[in-house]
Amino acid sequence: MARVLITGGAGFLGSHLSELMLSRGHEVVCMDNFITGDPANIAHLLGRPDFTFIKHDVTNFIYVAGPLDFILHFASPASPIDYLQLPIQTLKVGSLGTHKVLGLAKAKGAVFLLASTSEVYGDPLIHPQREDYWGNVNPVGPRGVYDEAKRFAEAMTMAYHRFHGVQTRIVRIFNTYGPRMRLNDGRALPAFMGQALRGEDVTVFGDGSQTRSFCYVSDLCEGIYRLMLSNEVMPVNIGNPTEITIREFAERVVKMVGSSVKVVFRPLPEDDPKVRQPDITRARAILGWEAQVCLEEGLAWTLEDFRRRIAGGA
Ligand code: NAD
Ligand code: UDP
């Protein structure tokens, strides 16, 4: 069984990945500075002998006692409002943080896996997005801090692989949703579900014709687990290819909540990608992976968690 460090482990994805690793018999060291994460996400894991938490900002020198077999680098603000409010921290964690974590992987002889993103494709000019597409990113726009940090992180990862021989993996994660998303992180699902549950108007940006493809969190974690255990060095898209317009997505969420709230339209944020859908040919071929959970089922499970938290005063 392996010892796995997860940076950003107290975040939405990091906490689900921690649970997956523990359930497969691995030991988890979770590192986070709570800048966008929440101690509540890992409260149920504290006290287990196979789970350790270290509060630390990964842009500073990292010390972890003992061996590490795998390092999953997930630390980074991830929602558009988070990286708009934390532009410097976002750039630092993608650059300085990735450098520090790669240095740790080299020192420990660990396999390093980078959480990259479909945002490296920017506002894509090819559709669906394949891994060999280099993207259409505005470096000086508001989203540039996140997109360019992740693009730099990918380049740094490949440099550590090519120059230092570190075993590396890069997952390009497409929009993922599920329980524990922060209610106020501004992403489409928490915004729509939170608004519908509170009886507020649901705010669709632009005319809602932009598309996304939403993947349930357990599917994503399984794909990442398989990539971690594979030998694949080049980037792999992980996401659910079922594409939907944001307007239709908002309507589906409102219907699922059973609310009578209205959908209202607000200005489209700058550089908001018009389309997004993963081409998962490589994930299918290399990892034997594809999403199993349909939107109906995933939304129902997420709704249960949102109802409980909102009823509890969140
Ligand atoms: P999240 O905000 O819930 O989790 C990120 C975690 O990283 C938080 O707990 C935060 O406190 C921590 N963190 C940030 N900067 C840090 C630092 N300097 N030192 C230590 N910890 C730090 O977001 P998430 O949705 O779970 O995203 C996790 C990762 O996955 C991110 O790298 C993100 O870019 C990537 N990703 C997520 C999605 C998605 O749909 N959720 C899509 C593409 C990529
Ligand atoms: N969106 C919206 N209303 C909201 C939040 C988001 O219409 O209250 C739109 C946003 O403009 C984008 C899509 O939903 O087109 C997905 O946004 P999200 O922030 O979830 O992720 P992105 O894919 O843009 O990073």
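All values reported here derive from a predicted model rather than from experimental measurement. (Residues numbered from 1 in each chain as written. Chains lettered and ligands numbered in written order. Predicted model: local features only at pLDDT ≥ 70, side-chain atom pairs only at ≥ 80, totals over all residues. Heavy atoms only, no water.)

1. Remarks on the overall build of the chain
Working step 1: Helices and strands together make up the secondary structure of the chain, namely nine helices and 13 strands.
Working step 2: Compactness check: the chain gives a C-alpha radius of gyration of 19 Å against a globular reference of 20 Å for 314 residues, within 12% of the reference.
Working step 3: Considering only C-alpha atoms, the chain reaches an extent of 55 × 45 × 40 Å along its principal axes.
Working step 4: A burial count over the chain gives 55% of its 314 residues as buried.
Working step 5: Within the structure as shown, the chain displays about 13,300 Å² of accessible surface, and the carbon and sulfur contribution to it stands at 55%.
Working step 6: Looking at the chain, you have 33 positive and 34 negative side-chain charges, and the mean spots of the two groups are 3 Å apart. (Helix = DSSP H or I, 4+ residues; strand = E, 2+ residues; numbered from the N terminus. Rg over C-alpha atoms; globule rule 2.2 N^0.38 Å. Buried < 20%, exposed > 50% of the residue type's maximum accessible area, 1.4 Å probe, protein only. Areas by Shrake-Rupley, 256 points an atom, 1.4 Å probe, with all protein chains shown as cover. Lys, Arg positive; Asp, Glu negative; His and termini not counted. Charge placed at Lys NZ, Arg CZ, Asp CG, Glu CD.)

2. Thoughts on the sheet that holds strand 3 (residues 51–55)
Working step 1: Pairing in this open sheet of seven strands is parallel, and the strands run 3-2-1-4-5-6-11 from one edge to the other. Each edge of the open sheet is held by one strand with a lone partner, namely strand 3 and strand 11 (236–238). Strand-to-strand twist in this sheet, taken as the mean axis angle between neighbours without regard to direction, amounts to 20 degrees.
Working step 2: Pairing between strand 6 (residues 168–173) and strand 11: three bridges, direction parallel. Within the sheet, the bridge partner assigned to V171 lies in strand 11 and is V236.
Working step 3: Sitting on the sheet, helix 1 (residues 12–23) touches strand 1 (3–7), strand 2 (27–32), strand 3, strand 4 (70–73) and strand 6, and the angle it makes with strand 1 is about 170 degrees.
Working step 4: Running over the sheet, helix 6 (residues 217–229) touches strand 4, strand 5 (111–117), strand 6 and strand 11 and is turned about 160 degrees from strand 6. (Pairing = 2+ DSSP bridges. Axes fitted to C-alpha atoms, helices over the stretch in contact; angles between N-to-C directions. Contact = heavy atoms within 4.5 Å.)

3. With respect to the pairing of strand 4
Working step 1: Of the two faces of strand 4, the one carrying F70 and L72 and the one carrying I71 and H73 are both buried.
Working step 2: Across four bridges, strand 1 lies against strand 4 in parallel orientation. Counted as the bridge partner of V4 is F70 from strand 4.
Working step 3: Direction of pairing for strand 4 relative to strand 5: parallel, over a ladder of four bridges. Bridging across to strand 5, H73 finds its partner in L114.

4. Regarding the site of ligand 2
Working step 1: Close to ligand 2 lie 18 residues, the nearest being T203, F205, R212, D272 and R276.
Working step 2: Note that an oxygen atom of ligand 2 is positioned 2.8 Å from one of the side-chain N or O atoms of N175.
Working step 3: Within the backbone of A188, one N or O atom sits 2.7 Å away from an oxygen atom of ligand 2.
Working step 4: In isolation ligand 2 has 520 Å² of accessible area, and contact with the protein removes 94% of it.
Working step 5: Of all the secondary-structure elements, those providing two or more residues to the shell around ligand 2 are helix 5 (188–198) and strand 8 (202–205).
Working step 6: Here the residues of the shell around ligand 2 sort into eight nonpolar, four polar and six charged. (Near = heavy atom within 4 Å. Polar contact = N/O pair within 3.5 Å; in protein donor to acceptor, adjacent residues only side chain to side chain. Nonpolar A, V, L, I, M, F, W, Y, C, P; charged D, E, K, R; others polar.)

5. Overview of the packing of helix 7 (residues 246–257) against helix 9 (residues 295–311)
Working step 1: Direction vectors running N to C along helix 7 and helix 9 enclose 60 degrees, while the axes themselves pass 10 Å from each other. In terms of their interaxial angle, helix 7 and helix 9 are classed as oblique. In this structure, helix 7 crosses over helix 9, and the sense of that crossing is right-handed. Along the contact surface, helix 7 presents F249, R252, V253, M256 and V257, while helix 9 presents L295, E296, L299, A300, L303 and R307. (Parallel < 35°, antiparallel > 145°, perpendicular 65-115°, else oblique. Left-handed = near helix turned anticlockwise from the far one by under 90°.)

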